[in-house]
Number of protein chains: 2
Amino acid sequence: MVRRRVRRSSILHRLPALAVCVACLAARADPPPAPAPGLAAAVAPYAGVARRLIEAARQEPSAWTRLAELTDTFGHRLSGSESLEAALRWAAGEMKKDGLDNVRLEPVTVPRWVRGRESAALVAPVRHELAMLGLGNSVGTPPEGIEAELVIVRDFDELQRLGPAGVKGRIVLFDVPFTTYGETVVYRSTGASRAARLGAIAMLLRSVGPIGLRTPHTGALRYADDAPKIPAASIAVEDAQRLRRLRERGLTLRVRLRMQARFEADALSANLVGEIVGREAPHEIVLVGGHLDSWDVGTGAMDDGGGCVMTWQALRLVRRLGLRPRRTLRVVLFTNEENGLRGALAYRDRHAAELSDHVAALESDSGAFPPLGFGFSGVDAARTVIRDAARLLEPIGATRIGESGGGADVSPLAAAASVPTLSLDVDGARYFIYHHTQADTIERLSAEDLASGSAAVAVMAYVLADLPQRLPRRSAP
Amino acid sequence: MVRRRVRRSSILHRLPALAVCVACLAARADPPPAPAPGLAAAVAPYAGVARRLIEAARQEPSAWTRLAELTDTFGHRLSGSESLEAALRWAAGEMKKDGLDNVRLEPVTVPRWVRGRESAALVAPVRHELAMLGLGNSVGTPPEGIEAELVIVRDFDELQRLGPAGVKGRIVLFDVPFTTYGETVVYRSTGASRAARLGAIAMLLRSVGPIGLRTPHTGALRYADDAPKIPAASIAVEDAQRLRRLRERGLTLRVRLRMQARFEADALSANLVGEIVGREAPHEIVLVGGHLDSWDVGTGAMDDGGGCVMTWQALRLVRRLGLRPRRTLRVVLFTNEENGLRGALAYRDRHAAELSDHVAALESDSGAFPPLGFGFSGVDAARTVIRDAARLLEPIGATRIGESGGGADVSPLAAAASVPTLSLDVDGARYFIYHHTQADTIERLSAEDLASGSAAVAVMAYVLADLPQRLPRRSAP
């Protein structure tokens, strides 16, 4: 807290207009006696509320404490698991204790993919266990495993050049150096089917992420309809590099993969919804949220326990200050983002009739790191409002507005009803070190950052819910 | 290489005398036409040789390549394992190919501790697997495991305060924050017996190292004779912190530990020895070496494949330049440093008659990171020589002489015959991140650092083996 305050304070020194504004708000008048200088007229009346929400967020460690309790107690929360359902029930109880309105679990049927036991090993010319994680949605192997020669490629082009003659009956390793997630995740999501089309019998993937401490990364694959389903697993960067070096010494490598991965019968899960009902237009909704499900490694603290807790905390802060905006603030903790998106689709369908009254939808699923601002997808007139509102977050440095925003869980709302969507944008430097690994635990996140992120969401959501005019959008409601 | 050269070159600019000296040696005259300015008279004649050894080390990546081949091919190398013996045979063959003299495997009987399957889990009030590694030399549990209430202490004082009433029949977790290895490793080596004396039935240990990516650290324990032998395992820092947080919320925790750990019959291993026989006093020996065995996780690249390869490479560099010092240079790759030290003791006993002619013994077992100089244990007159010789390493910045030096494998020589001992001292900032973990792989080490370390050992060892007077020591030979 001390460290960040110092930085913010130096920003204040460079912005005398805002410094004056902050000083004049120390008395916590709401609305302030006069429009704050330097702010657009529409959002200026919210300067006092913003300041109070930021202070309230800073004064208590409850977001971190709550995230610790969630992740310590329930651990990882894969769709279909007991731990996810227990976490949902707990969170619903806590939301009620927080005094949120209309807290309810909205049922969602989710897939139940089960990892089971798994292992991968180099078996010839030498024998070594590989640090691995099966990919989500993968099929398993026969109980005795799959053993075959290993073919290593750097990219899809090299795979295609090998063709069926070089791939058939073999296990393919995509040894693709990590650049960006966008560029490399395509090997995780489509690599198995692309290798299978050429006759590969299993697929290994260099983990999609920077080198860790021999840390494999899981994540979902998608089988194409026109290719055999072959088992697929990620291995640690170090293991991929080792296999490549051995191969480059002219050795023929044989690998054995064993996976019990399988789908079991769909399970009943839920989206958790809580609200602060609007005082004037309760049918108009500003949605904020994250996803409570996680991969079955680590404790899903960063992805996306932190997003859940920060958006939930945003409503708690509004409530704590005794505020009730014009429109309804709704927090949704979605289920099944990681391997199915059924929570998001169920929300869209269940709330189809009211989507035209979803004024905005804000998702936090980039990790609870220092907030920088928001991504926004919507019409220009709305972007202006968002940009103006973000100016209220200068005390925590979260004023940047990115060219697009949203996320997996709110994108169906944009597609179905042109709901303007935002993402909480954060400093993502460390995100892909932990993403989908056993190291996604609360140790990666700080109370300061969770407080700042909660404040950023609270201020933006409150303003959007309270502005006299609703946020402009593409198609009229 | 570029990066480090830049740094070295900036050192040269600040040291005009040495810059002149290096420039005058570009012609590679050996010995140089006149004593080099700025160097003590005794070592000045070696300035040319030093320069050539450093250049030779830089010009080829063979140390890194060799370490990669060792660790990729044989993997980890615990005493009693097939992989250790295969690695010893391979290294002996390579040493012969290098043209070293008297290459031989000197038999050593070593303990064979086998980890077997192992797991630890919190089982109540919630159930979560813990990231764990059994401690070396630990006994196992019954097949069904040991399950009991968990008691968490910060240090031995807290354990003693609890006494038998608080400890008996329970599992003790030493949740000791990492400060230095020296301060915290005592919990790993003696914690099990200290807990057992109070009636604990198993011991867990927060890993001895900084937080990683949920990375447990193994390492040896020592059972005291007067305490029951209870099973003991290390857990990741994050898991220890999670258990503590749960406990601090007032929960009673139950943990289940299952370990198949056991000792099997002793196995036959060996120390690997290779030499460059001295041209004038072949019976006088300058020993350099590391240990080829490792823990059974990672690939033992840092601990201590790198030390083996650098000290071995030192002799190879001397050989490559066609040099033969006055005394014998001997490289020893010791076996069983990690869990028994039987290699070091066997060497001491087998070579008892010639220990008085061991002029110095240099061990590299601190990781193949940028070399800073040497630790030295010996009489002051010898320290002066060592300090003078290290001046020859100014081009690679390895001139610092620490107050004590040696290591586990050469310390028996010092104890038995006052052999002066040195350690290669390196930048150790990252060492304990990887130490005894699955992440101890060649990715942690660079070709530049291995080359610099090899050069540092080569220069120091060559000078000590070639100086007209042998290094002074406490007791006369």
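Remember, predicted model here, so these are calculated numbers, not experimental data. (Residues numbered from 1 in each chain as written. Chains lettered and ligands numbered in written order. Predicted model: local features only at pLDDT ≥ 70, side-chain atom pairs only at ≥ 80, totals over all residues. Heavy atoms only, no water.)

Draft legend 1. Quick peek at the interface of chain B and chain A. Taken together, the contact between chain B and chain A spans 32 residues of the former and 32 residues of the latter. Summed over both sides, the interface of chain B with chain A buries roughly 2500 Å², with 50% coming from carbon and sulfur. The largest contributions to the chain B side of the interface with chain A come from Asp72, Leu213 and Glu443 of chain B, which together make up 28% of the buried area. Linking chain B to chain A there are eight salt bridges. Across the pair glutamate 443 of chain B and arginine 245 of chain A runs a salt bridge, and its minimum N-O distance is 3.2 Å. One can count 22 residue pairs in polar contact (both at pLDDT 80 or more) joining chain B with chain A. Looking at the side of chain B that touches chain A, the elements with two or more residues in it are helix 4 (62–74), helix 8 (237–248) and helix 13 (431–434) of chain B. Residues belonging to the side of chain B that touches chain A are distributed by class as follows: eleven nonpolar, eleven polar and ten charged. (Contact = heavy atoms within 4.5 Å. Buried area = accessible area lost by both parts, 1.4 Å probe. Salt bridge = Lys/Arg side-chain N within 4 Å of Asp/Glu carboxyl O. Polar contact = N/O pair within 3.5 Å; in protein donor to acceptor, adjacent residues only side chain to side chain. Helix = DSSP H or I, 4+ residues; strand = E, 2+ residues; numbered from the N terminus. Nonpolar A, V, L, I, M, F, W, Y, C, P; charged D, E, K, R; others polar.)

Draft legend 2. Here's a closer look at the packing of helix 8 (residues 237–248) of chain A against helix 4 of chain B. It is at 10 Å that the axes of helix 8 of chain A and helix 4 of chain B come closest, and there the two elements cross at 105°. When the axes of helix 8 of chain A and helix 4 of chain B are compared, the pair comes out roughly perpendicular. Here helix 8 of chain A contributes Arg242, Arg245 and Leu246 of chain A to the contact with helix 4 of chain B, which in turn contributes Trp64, Ala68, Thr71, Asp72, Thr73 and Phe74 of chain B. For the contact of helix 8 of chain A with helix 4 of chain B, a count of residues per class yields four nonpolar, two polar and three charged. (Axes fitted to C-alpha atoms, helices over the stretch in contact; angles between N-to-C directions. Parallel < 35°, antiparallel > 145°, perpendicular 65-115°, else oblique.)

Draft legend 3. The pattern of salt bridges, seen in detail. Summed over all chains, the structure comprises 75 salt bridges over all chains. In this structure, the salt-bridge partner of aspartate 349 of chain A is arginine 348 of chain A, at a minimum N-O distance of 2.9 Å. Judged by relative accessible area, arginine 348 of chain A falls into the partly exposed class, the value being 25%. Where glutamate 284 of chain B meets arginine 327 of chain B, a salt bridge forms, and the shortest distance between an N and an O atom there is 2.6 Å. (Buried < 20%, exposed > 50% of the residue type's maximum accessible area, 1.4 Å probe, protein only.)

Draft legend 4. Here's a closer look at the relation of the copies chain B and chain A. It takes a turn of 180° to lay chain B on chain A, together with a shift of 0.0 Å along the axis; the resulting RMSD is 0.0 Å. Taken together, the rotation and translation describe the operation of a two-fold axis. Taking C-alpha positions as the reference, the residue of chain B nearest the rotation axis is leucine 213 of chain B, at 3.2 Å. Of the residues that chain B buries at the interface, 100% are likewise interface residues in chain A, meaning the two copies contact each other through the same surface. (Least-squares fit on C-alpha atoms with pLDDT ≥ 70 in both.)

Draft legend 5. Inspection of the sheet that holds strand 5 (residues 146–153) of chain B at higher detail. Residue and element names in this part refer to chain B. A sheet is described by the order of its strands in space; here eight strands give the open sequence 3-2-9-5-6-7-8-4, paired in mixed fashion. The strands lining the two open edges of the sheet, one partner per strand, are strand 3 (128–130) and strand 4 (132–134). Pairwise comparison of adjacent strand axes, ignoring direction, gives a mean angle of 30° for this sheet. In terms of strand pairing, strand 7 (residues 202–206) meets strand 8 (residues 232–235) through four bridges, oriented parallel. What sits directly across from leucine 204, in strand 8, is alanine 233. Most of the contacts of helix 6 (residues 156–167) go to strand 5, to which it runs at about 140°, and overall it touches strand 5 and strand 6 (171–174). (Pairing = 2+ DSSP bridges.)

Draft legend 6. Fine view of the sheet that holds strand 6 (residues 171–174) of chain A. All names here are of chain A. Taken in spatial order, the eight strands of this open sheet run 3-2-9-5-6-7-8-4, and their pairing is mixed. In the strand order of this sheet, the two ends are held by strand 3 (128–130) and strand 4 (132–134), each with one partner. Ignoring strand direction, the axes of neighbouring strands in this sheet form an average angle of 30°. Where strand 2 (residues 118–124) and strand 9 (residues 254–259) come together, six bridges link them in antiparallel fashion.

Draft legend 7. Up close: helix 5 (residues 82–97) of chain B. Residues and elements named next belong to chain B. Given a rise of 1.5 Å per residue, 16 residues ought to cover 22 Å, and the 23 Å separating the end C-alpha atoms of helix 5 matches this to within 8%. Taken as a whole, helix 5 has its buried residues at Ser83, Leu84, Glu85, Ala86, Ala87, Leu88, Trp90, Ala91, Ala92, Glu94 and Met95. The elements touched by buried residues of helix 5 are helix 4, strand 1 (101–114), strand 10 (262–276), helix 9 (301–320) and strand 12 (327–334). Looking at the residues trailing helix 5, positive phi occurs at glycine 99, about 85°. (Expected span 1.5 Å × (residues − 1).)

Draft legend 8. Here's a closer look at helix 11 (residues 380–390) of chain B. All names here are of chain B. Considered for burial, the residues of helix 11 that qualify are Ala382, Arg383, Ile386, Ala389 and Ala390. Down the axis of helix 11, the sector holding all buried residues measures 125°, keeping them to one side. In this fold, the buried residues of helix 11 make contact with strand 14 (371–377), strand 15 (400–402), strand 16 (421–426) and helix 14 (447–466). (Arc of directions from axis to C-beta.)

Draft legend 9. View of the side chain of serine 79 of chain B. All names here are of chain B. Looking at the secondary structure, you find serine 79 in the loop between helix 4 and helix 5. Side chain to side chain, serine 79 and asparagine 336 meet in a polar contact 2.9 Å long. Among the polar contacts made by the side chain of serine 79, one reaches the side chain of asparagine 339 at a distance of 3.5 Å. In this structure, serine 79 is in contact with Leu84, Val110, Pro111, Arg112, Trp113, Asp293, Asn336 and Asn339, ignoring residues within four places of it in sequence.

Draft legend 10. The arrangement of the packing of aromatic side chains in detail. All told, the structure shown has 22 aromatic pairs over all chains when counted by the stated rule. Note on phenylalanine 174 of chain A and tyrosine 187 of chain A: the rings are 5.5 Å apart at their centroids and 55° apart in plane angle, and the pair reads as tilted. You can see phenylalanine 174 of chain A sitting in strand 6 and its partner tyrosine 187 of chain A sitting in helix 7 (residues 181–197), a full 13 residues away along the chain. Assigned by exposure class, phenylalanine 174 of chain A and tyrosine 187 of chain A land together as buried. Between phenylalanine 156 of chain B and tyrosine 187 of chain B the ring centres are 4.0 Å apart and the planes differ by 20°, which places this aromatic pair in the stacked class. In this pair, phenylalanine 156 of chain B sits in helix 6 while tyrosine 187 of chain B sits in helix 7 (residues 181–197), placing the two residues 31 residues apart along the sequence. By relative accessible area, phenylalanine 156 of chain B is classed as buried at 9%. Among the aromatic side chains, those forming a connected cluster through ring pairs are Phe178, Tyr181, Tyr431 and Phe432 of chain A. (Phe/Tyr/Trp six-rings, centres within 6.5 Å; stacked < 30°, edge-to-face > 60°.)

Draft legend 11. The arrangement of the environment of arginine 115 of chain A in detail. Residues and elements named next belong to chain A. By the secondary structure assignment, arginine 115 is in the loop between strand 1 (101–114) and strand 2. By relative accessible area, which is 10% here, arginine 115 ends up buried. Each C-alpha atom, one on arginine 115 and one on glutamine 260, is 6.4 Å from the other, the two residues being 145 residues apart in sequence. When near neighbours in sequence (up to four residues on either side) are disregarded, arginine 115 contacts Leu133, Gly134, Thr218, Gln260, Ala261 and Asp296. There is a polar contact of 2.9 Å between the side chain of arginine 115 and the backbone oxygen of glycine 134. Separated by 3.4 Å, the side chains of arginine 115 and threonine 218 make a polar contact.

Draft legend 12. Region of interest: the confidence of the model for chain A. Residues and elements named next belong to chain A. Confidence in the prediction of chain A, expressed as mean pLDDT, is 92, and 92% of residues score 70 or more. For chain A, the element scoring lowest by mean pLDDT is helix 1 (residues 2–14), at 31; strand 6 scores highest, at 99. Segment residues 1–35: pLDDT under 50, and 41 contacts once partners within four positions in sequence are set aside and those in other chains are kept. Across the whole predicted complex the pTM is 0.91, and at the interface the ipTM reaches 0.91. (pLDDT = per-residue confidence, 0-100.)

Draft legend 13. Layout of the environment of glutamate 60 of chain A. Residues and elements named next belong to chain A. Secondary-structure assignment places glutamate 60 in the loop between helix 3 (47–59) and helix 4 (62–74). Placed 388 residues apart in sequence, glutamate 60 and glutamate 448 show a C-alpha to C-alpha distance of 9.7 Å. With residues up to four places along the chain from it excluded, the contact list for glutamate 60 reads Gln313, Arg316, Leu317 and Arg320.

Draft legend 14. Expanded view of the pairing of strand 9 of chain A. Taken together, the four bridges between strand 5 (residues 146–153) of chain A and strand 9 of chain A define a ladder with antiparallel strand orientation. By the bridge assignment for strand 9 of chain A, isoleucine 146 of chain A is matched with leucine 257 of chain A.

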